[in-house]
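Residue-level listing of the chains:
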Amino acid sequence: MAQVRKITAHIPEELLRCAQGATGDGITATVRLGLEVLAAGDAYEPLLGMRGKFKLGREVDLDAWREGRTRSWPTPARSSLA
């Protein structure tokens, strides 16, 4: 288990109430989730800077790729009661 650190934080009541309403959890879980989101955002920032700069090793035929994604919905079975 990761080492845990006990902290004291002064948080406006309305902010805490809204955050807990969004998470549906208690104070500790809500604060932990908020910190995890902040940490993930920092990790994500460099990836946003690379948007559109990654070159694939081969050309991709988007039309052919999209053809394989078409959906065909099954036709409903006819009722024998009709």
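Just above sits the structure.
Values in this document were obtained by computation on a predicted structure and should not be read as measured data.

Quick one: what's the story with the overall build of the protein, residue by residue and with numbers?
Secondary structure summary: the protein contains three helices and zero strands in total. Tracing the protein from N to C terminus, the helices and strands come up as α-α-α. Burial analysis of the protein (82 residues in total) assigns 2% to the buried set. When the accessible surface of the protein is totalled, it reaches about 8,600 Å², and 57% of it is carbon and sulfur.

Quick one: what's the story with the environment of G26, residue by residue and with numbers?
Relative to the helices and strands, G26 is located in the loop between helix 1 (13–23) and helix 2 (27–49). Exposure remark for G26: the relative accessible area of 38% places this residue in the partly exposed category. Here the alpha-carbon distance between G26 and L16, two residues 10 residues apart in the chain, equals 9.8 Å.

Residue-level account of the side chain of T30, with values.
Tracing the chain through its elements places T30 in helix 2. If we ignore the near neighbours within four places in the chain, the residues touching T30 are A19, Q20, T23 and D25.

So what's going on with a nonpolar patch on the surface? Residues and values would help.
A contiguous nonpolar surface patch, about 390 Å² in accessible area, is contributed by Y44, L47, L48 and M50. Locating L48 in the fold gives a position in helix 2. With a relative accessible area of 36%, L48 lands in the partly exposed category.

Before we move on, could you go through helix 2 and cite the residues and values that matter?
The first and last C-alpha atoms of helix 2 sit 34 Å apart over 23 residues, in line with the 33 Å expected at 1.5 Å per residue. Where helix 2 bends most, at A43, the angle is about 30°, and the proline P46 comes one to four residues later.

Explain the pattern of salt bridges to me, and be specific about the residues and the numbers.
As enumerated under the stated definition, the model contains one salt bridge in all. Between E14 and R17 there is a salt bridge, with its nearest N and O atoms 2.1 Å apart. Residue E14 and its partner R17 are located together in helix 1, separated by three residues, close to a single helical turn. By relative accessible area, which is 44% here, E14 ends up partly exposed.

Reading the values: the criteria
Residues numbered from 1 in each chain as written. Predicted model: local features only at pLDDT ≥ 70, side-chain atom pairs only at ≥ 80, totals over all residues. Heavy atoms only, no water. Helix = DSSP H or I, 4+ residues; strand = E, 2+ residues; numbered from the N terminus. Buried < 20%, exposed > 50% of the residue type's maximum accessible area, 1.4 Å probe, protein only. Areas by Shrake-Rupley, 256 points an atom, 1.4 Å probe, with all protein chains shown as cover. Contact = heavy atoms within 4.5 Å. Patch = residues over 30% accessible without salt bridge, like charges linked within 9 Å, V, L, I, M, F, W, Y side chains within 5 Å. Salt bridge = Lys/Arg side-chain N within 4 Å of Asp/Glu carboxyl O. Expected span 1.5 Å × (residues − 1). Bend = angle between axes of the 7 residues up to and from the residue.

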